[in-house]
Amino acid sequence: MTKSSVRNICIGGSGLTLVIFLVLTYLTHASFPERTHPENISEEVVWGKKVWEKHVCIDCHTLLGEGAYYAPELGNVITRLGEEGVREILEITAEHGWGGTRRMPQFDLSEKDIDGLVEFFKWMNNVNASNWPPNKEG
Amino acid sequence: MKYQYESQQVAYPFFVAAMLLFAGQIVFGLIIGAQYMWPDFLFPAIPFHIARMIHINLLVVWLIFGFMGSTYYLIPEEVEGELYSVKLAITQFWLFLAGGVTAVVGYLFRWHDGREFLEQPFIIKVAIVIVVLMFIYNISMTMLKGKKRTSTSIVLLIGFIGMALLYLFAFFKPDNMIVDKYYWWLVVHLWVEGVWELIMAAILSFLLIKLTGAEREVAEKWLYIIVGLTFITGIIGTGHHYYWIGAPEFWQTWGAWFSVFEVLPFAAMIAFSFDMLSKKTRSHQNKAAILWTVGTTIMSFVGAGVWGFLHTMPQINYYTHGTQITASHGHMAFFGAYVMIVIAMISYAVPNLRNQESLNQKAEVIAFWTMVISMLFMGLSLTGAGIVQVYLQRILGMPFMEAQEHIALFYGLRFFFGITFTLGLGIYLYDFFSSAKSRTKG
Ligand code: HEM
Ligand code: HEM
Ligand SMILES: [Fe+2]
């Protein structure tokens, strides 16, 4: 094969896969109303996501398996600890941090922040993640 | 071999900055490696999440410094003409350095955004885009002005343009976390398994032509094979990140069938380097540069290709997703592909820029083996950690923190190989900076 025919296959193949990718992206968006329930993204959930980002929780924890691997999975934390359990941990964190060995630093979390995070976790808990994680420990 | 165009000298500060920030990256790697064993270390002054974002942001910034330096070095020789504007390159250098250092210092004072790898505050993100646009403009103008337009230079330019365009997704922060995650990967995956592979392949092609003297025709055909394989497997291969984050199940088919072939561009890079070596027409005296160049093709095949392949099937990824297996692969892939290609270029270009034969060959070879073996064993330690974690936590259902206690031994091993890695880097840096004294210009 000559250099230019290799180049043409390269360009054609890349273009074709890009088109397939765009189609799959479209289909993914079409599935989101059912899989993620955007109608449940209340103001609290939006606020919760902002608080999540303000303190970069993702750089210690995973959320649906993505993030850092230093602290437990939180996508299913409501299933694991229950709403009250999560709230209690966040309240203690706001006071002086949480944990025995590896510790979560003290974060300034207002009542509104804690409500937001809890609602955010509740919404995450209902996302259809294809049966992941394998068990409640995440 | 001496450099051929005066403006190539502008590459030098980029390489120096890259090396210094690399040292910083490793200091913060050691800090978080230590915190895995002694969680109270530096707590709460520098908590884990802050040190981790510095570790990874410094990595990405110094690699980009390395890519830019490599480009400024090779473009004039490729297109046979001076750089369009040395002044623009210098301005761009200081702006990028200022932006990078501000971001890292800011992190220490909790000035950051909230998504993994994209922690840069908005204004820093804007600065990054401006810097990259200045760079792309400079390179494009140089290519337009130059005598020749080689495939190597075109692939390199496409790599950088793709990198800038994909980074625009970093500005998209929808309220729906699942949509957020979906587009986040267009920056992260399509950088390292897309456009960065083009940059790597182009630098590799330049180095192999220079080091072996083999024909350009041969190299450029390989280059297109690698680029084609990268995009054809890697674009839909993004789907290997969409299995469990709320996206539809069809990704388990598409993502798997394309991403298992993502090993091919890395295999092609090995074949490329051996083909070129077998056709060599000269014996280059800079053996260290050859070692790093061939080394990067093999180590990227192992770290990205093989370790990526191991957990890319949904049947396996279901259990390994987001465990130390991921960290193991992340380290070996970044090191084998991008760290090593930048060091290969530095080992080749920096002595030329200083009118030296080469860096100290003996020190370079010792540094090479120390760093490569350390990273290999660090990766294996994390793989061990990951296997135990998967078994205890994912299969037996043991709580996360309890499972972590059983992994302590592997974290100790990782830290140990982190130290030996640092020694290897120390040797390299000592040689890099001490040999600068005998630099002669002109
Ligand atoms: C002294 C050597 C090093 C040590 C001790 C070290 C330690 C660590 C630790 C503890 C983490 C965090 C893992 C987690 O999230 O729980 C990490 C992440 C990371 N490090 Fe290093 N590191 C070192 C060198 C390197 C080098 C040389 C590279 C690049 C080649 C690198 C690239 C990364 C990347 C890409 C991540 C993110 C991984 C992921 O998200 O899966 N590190 N490192
Ligand atoms: C040089 C190229 C590559 C680099 C630098 C790289 C780096 C990384 C990093 C840093 C992550 C962790 C991302 C996170 O924090 O969530 C990751 C994840 C992953 N990589 Fe790669 N990678 C490369 C190539 C590949 C290839 C060729 C494959 C195989 C097909 C692959 C398969 C995967 C998979 C399946 C994951 C997700 C792991 C999980 O589910 O937790 N990677 N990669
Ligand atoms: Fe990927």
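Residue numbers restart at each chain and count upward from 1, following the sequence in its written direction. By the order in which they are written, chains take letters starting at A while ligands take numbers starting at 1. Side-chain atom pairs in this predicted model are given and counted only at pLDDT of 80 or more, local residue features only at pLDDT of at least 70, and totals for whole chains, interfaces and linings cover all residues.

S.K.: Before we go on, may I ask you to explain the overall build of chain B in this structure?
M.R.: A count of helices and strands for chain B gives 15 helices and 0 strands. In this setup the radius of gyration rests on C-alpha atoms only. A globule is expected at 2.2 Å times the number of residues raised to 0.38. Compactness check: chain B gives a C-alpha radius of gyration of 21 Å against a globular reference of 22 Å for 442 residues, within 12% of the reference. In terms of its C-alpha atoms, chain B occupies a principal-axis envelope of roughly 65 × 45 × 45 Å. For the exposure call, what matters is how many other C-beta atoms sit within 10 Å of a residue's own: 20 or more marks it buried, 12 or fewer exposed, and in between partly exposed, using C-beta atoms placed from the backbone. Within the span of chain B, comprising 442 residues, buried residues form 55% of the whole. We call two residues in contact when their backbone-placed C-beta atoms lie within 7 Å. Counted over contacts in chain B with a minimum sequence separation of 6, partners at least 24 positions apart contribute 81%. We count a stretch as a helix when DSSP gives it H or I for four or more residues in a row; a strand needs E for two or more, and each element gets its number in order from the N terminus.

S.K.: How should I be thinking about the overall build of chain A in this particular structure?
M.R.: Helix and strand content of chain A: 4 helices and 2 strands. Listed N to C, the secondary structure of chain A is α-α-β-β-α-α in terms of helices and strands. By residue count, 37% of the 138 residues in chain A fall in the buried class. For chain A, the proportion of contacts with a sequence separation of at least 24, taken over those separated by at least 6, is 60%.

S.K.: Explain the interface of chain B and chain A here, please?
M.R.: Note: interface size is frequently given as the accessible area lost on complex formation between the parts. Contact residues are listed per partner, giving 54 residues for chain B and 53 residues for chain A. Broken down by secondary-structure element, the contributors of at least two residues to the side of chain B that touches chain A are α2 (48-79), α6 (177-212), α7 (216-237), α11 (314-320), α12 (324-353), α13 (361-395) and α14 (400-405) of chain B. It is α7 of chain B that provides the largest number of residues to the side of chain B that touches chain A, a total of 11 residues. Amino acids are sorted into nonpolar (Ala, Val, Leu, Ile, Met, Phe, Trp, Tyr, Cys and Pro), charged (Asp, Glu, Lys and Arg) and polar (every other residue, Gly among them). Among the residues forming the side of chain B that touches chain A, the class breakdown is 30 nonpolar, 12 polar and 12 charged.

S.K.: Even after reading the chapter, I still don't get the domain arrangement of chain A, so can you show me in this structure?
M.R.: Domain start and end points were adopted from an automatic or database domain assignment. Segmenting chain A into domains produces domain 1 (1-36) and domain 2 (40-138). Measuring from the centre of the C-alpha atoms in domain 1 of chain A to the corresponding centre in domain 2 of chain A gives 35 Å.

S.K.: Looking at this structure, I do not really get the site of ligand 2. What am I missing?
M.R.: For each residue, a C-beta atom is placed from the backbone, and the residue is labelled near a molecule or strand when this atom is within 6 Å of it. Taken together, 26 residues form the shell around ligand 2, and within it Ala-304, Gly-308, Thr-326, Gly-330 and Ala-333 of chain B come nearest. Chains contributing residues to the immediate surroundings of ligand 2 are chains A and B. When residues of the shell around ligand 2 are traced back to their parent elements, those giving at least two are α6, α10 (287-310) and α12 of chain B. Split into classes, the residues belonging to the shell around ligand 2 amount to 7 nonpolar, 15 polar and 4 charged.

S.K.: When you look at the nonpolar core in this model, what are you seeing that I'm missing?
M.R.: Nonpolar side chains in soluble globular proteins tend to be buried together. Residues and elements named next belong to chain B. Defined on buried residues, the nonpolar core groups Ala, Val, Leu, Ile, Met, Phe, Trp, Tyr and Cys residues joined through C-beta atoms within 7 Å. If you look at the biggest cluster of nonpolar residues, it comprises 173 residues, and the most contacted ones within it are Ala-18, Ile-199, Ala-201, Ile-226, Ile-341 and Val-342. A per-element tally of this core places α6 first, with 23 residues. If we skip the residues at most four places from it in the chain, Ile-199 touches Phe-67, Leu-156, Gly-159 and Phe-160.

S.K.: What is the right way to look at the environment of Gly-330 of chain B in this model?
M.R.: For Gly-330 of chain B, the location among the structural elements is in helix α12. Spatially, the C-alpha atom of Gly-330 of chain B lies 24 Å from that of Pro-399 of chain B, the residues being 69 residues apart in sequence.

S.K.: Could you clarify how one ought to interpret helix α4 (residues 122-145) of chain B in this entry?
M.R.: Along an α-helix, a turn takes 3.6 residues, which lines up residues three or four apart on a common side. Residues and elements named next belong to chain B. The end-to-end C-alpha distance of α4 is 35 Å, a good match for the 34 Å that 24 residues give at a rise of 1.5 Å each. Those residues of α4 not exposed but buried are Ile-124, Ile-128, Val-131, Val-132, Phe-135, Asn-138, Ile-139, Thr-142 and Met-143. Here the buried face of α4 lies against α2, α3 (86-108) and α5 (151-167). Each helix should span, by expectation, one fewer than its residue count multiplied by 1.5 Å.

S.K.: How should I be thinking about the site of ligand 1 in this particular structure?
M.R.: Around ligand 1, 23 residues are found, and the nearest of them are Ala-68 of chain A together with Gly-29, Gly-33, Gly-330 and Gly-418 of chain B. Those chains with residues close to ligand 1 are chains A and B. For the shell around ligand 1, the elements supplying multiple residues, two or more each, are α1 (11-37), α2, α12 and α15 (408-434) of chain B. Looking at the shell around ligand 1 element by element, the count peaks at 7 residues for α12 of chain B. Of the residues that constitute the shell around ligand 1, the class distribution is 14 nonpolar, 8 polar and 1 charged.

S.K.: How should I be thinking about the environment of Ala-98 of chain B in this particular structure?
M.R.: Residues and elements named next belong to chain B. By the element assignment, Ala-98 lies in helix α3. A tally of 13 C-beta atoms within 10 Å means that Ala-98 is categorised as partly exposed. Sequence separation between Ala-98 and Ile-124 is 26 residues; the distance between their C-alpha atoms is 9.8 Å.

S.K.: Sorry if this is basic, but what is going on with the packing of α6 of chain B against α12 of chain B here?
M.R.: Helix packing for two helices is described by the angle between their axes and how far apart those axes are. All names here are of chain B. Axes here mean lines fitted to C-alpha atoms, for a helix over just the part in contact, with angles spanning 0 to 180 degrees between N-to-C directions. Contact pair α6 / α12: the axes reach a minimum separation of 10 Å and the direction vectors enclose 30 degrees. Compared by their axis directions, α6 and α12 come out roughly parallel. Every pair of crossing elements has a handedness; the one defined by α6 and α12 is left-handed. Residue-level contacts link Trp-196, Met-200, Ile-203, Leu-204, Leu-207 and Lys-210 of α6 to Ala-337, Tyr-338, Ile-341, Ala-344, Met-345 and Tyr-348 of α12. Note that the term roughly parallel is reserved for angles under 35 degrees, roughly antiparallel for angles over 145, roughly perpendicular for angles of 65 to 115, and oblique for everything else. In this scheme the handedness of a crossing depends on how the near helix is turned from the far one: anticlockwise by less than a right angle means left-handed, clockwise means right-handed.

S.K.: Honestly, unusual backbone geometry in this entry has me stumped. Any pointers?
M.R.: Most peptide bonds take the trans configuration, and most residues that are not glycine carry a negative phi. Cis geometry marks the peptide bond from Trp-132 of chain A to Pro-133 of chain A; its omega dihedral reads 0 degrees. Structurally, Pro-133 of chain A is set in the segment after α4 (111-125). A positive phi is found at Leu-64 of chain A, a non-glycine position, where the angle reads about 55 degrees. Accessibility expressed as a C-beta count within 10 Å gives 24 for Leu-64 of chain A, which makes it buried. With a phi angle near 55 degrees, Glu-80 of chain B is a residue other than glycine that sits in the positive phi range. The topology assignment puts Glu-80 of chain B in the loop between α2 and α3.

S.K.: Which parts of the structure should I look at to understand the confidence of the model for chain B?
M.R.: As a general rule, the predicted coordinates of low-pLDDT regions are not to be interpreted in detail. Each residue carries a pLDDT score, the predictor's own confidence in it, on a scale running from 0 to 100. Looking at chain B as a whole, the pLDDT averages 97, with 99% of positions reaching at least 70. For this predicted complex, the interface score ipTM comes out at 0.98, while the overall pTM is 0.97.

S.K.: Sorry, what's going on with α7 of chain B here?
M.R.: The terminal C-alpha atoms of α7 of chain B lie 31 Å apart, and with 22 residues this matches the ideal 32 Å at 1.5 Å per residue to within 8%. Across the 22 residues of α7 of chain B, 19 count as buried, placing the element largely inside the fold.

S.K.: What is the right way to read the packing of helix α1 (residues 3-36) of chain A against α7 of chain B from this model?
M.R.: Remark: α1 of chain A packs on α7 of chain B, axes separated minimally by 8 Å, with the N-to-C direction vectors making an angle of 10 degrees. By the criterion of interaxial angle, the relationship of α1 of chain A to α7 of chain B is roughly parallel. Contact residues: α1 of chain A offers Lys-3, Val-6, Arg-7, Ile-9, Cys-10, Gly-13, Ser-14, Thr-17, Leu-18, Ile-20 and Phe-21 of chain A, while α7 of chain B offers Glu-217, Glu-220, Lys-221, Tyr-224, Ile-225, Val-227, Gly-228, Phe-231, Ile-232, Ile-235 and Ile-236 of chain B. Here the contact of α1 of chain A with α7 of chain B is composed, by residue class, of 13 nonpolar, 4 polar and 5 charged.

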